[in-house]
Amino acid sequence: MTEPKKYVLSGPNGADTFRNLPEGTKIATIYGGAGEITANPGDGAYVLVRFTEHENAALVGQEEYVFFNEVREATE
């Protein structure tokens, strides 16, 4: 079994990487949430995420915008 691809969101190319994350990418937030990108406008500021986990149970299954500085990690 292969390891999922991890996207590097830090350093000088982090914003460009974030701007180009494809739909379906799994993300984890600094707030303990996790989900899948459902839309990325490509502006480098935010992505739309459907949460599969969240400390606020009411957000599980919901779509919310997540900003670049709130993402801890992104994997394929």
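Residues numbered from 1 in each chain as written. Predicted model: local features only at pLDDT ≥ 70, side-chain atom pairs only at ≥ 80, totals over all residues. Heavy atoms only, no water.

Caption draft 1: Molecular detail of the packing of aromatic side chains. Applying the stated criterion to the full structure yields three aromatic pairs. Ring centres of Tyr-46 and Tyr-65 lie 4.9 Å apart, and the angle between their planes is 90°; on these two criteria the pair is classed as edge-to-face. One end of the pair, Tyr-46, is in strand β4 (residues 46-53); the other, Tyr-65, is in strand β5 (residues 63-67), with 19 residues separating them in the sequence. Taken together, the aromatic side chains of Tyr-46, Tyr-65 and Phe-67 make up a single cluster linked through ring pairs. (Phe/Tyr/Trp six-rings, centres within 6.5 Å; stacked < 30°, edge-to-face > 60°. Helix = DSSP H or I, 4+ residues; strand = E, 2+ residues; numbered from the N terminus.)

Caption draft 2: Representation of the pattern of salt bridges in the model. Taken as a whole and assessed by the stated rule, the structure comprises four salt bridges. The partner of Asp-16 in a salt bridge is Arg-19, with the nearest N and O atoms 2.4 Å apart. One end of the pair, Asp-16, and the other, Arg-19, are both in helix α1 (residues 14-19), three residues apart, so they sit about a helical turn from each other. Judged by its relative accessible area of 37%, Asp-16 falls in the partly exposed class. (Salt bridge = Lys/Arg side-chain N within 4 Å of Asp/Glu carboxyl O. Buried < 20%, exposed > 50% of the residue type's maximum accessible area, 1.4 Å probe, protein only.)

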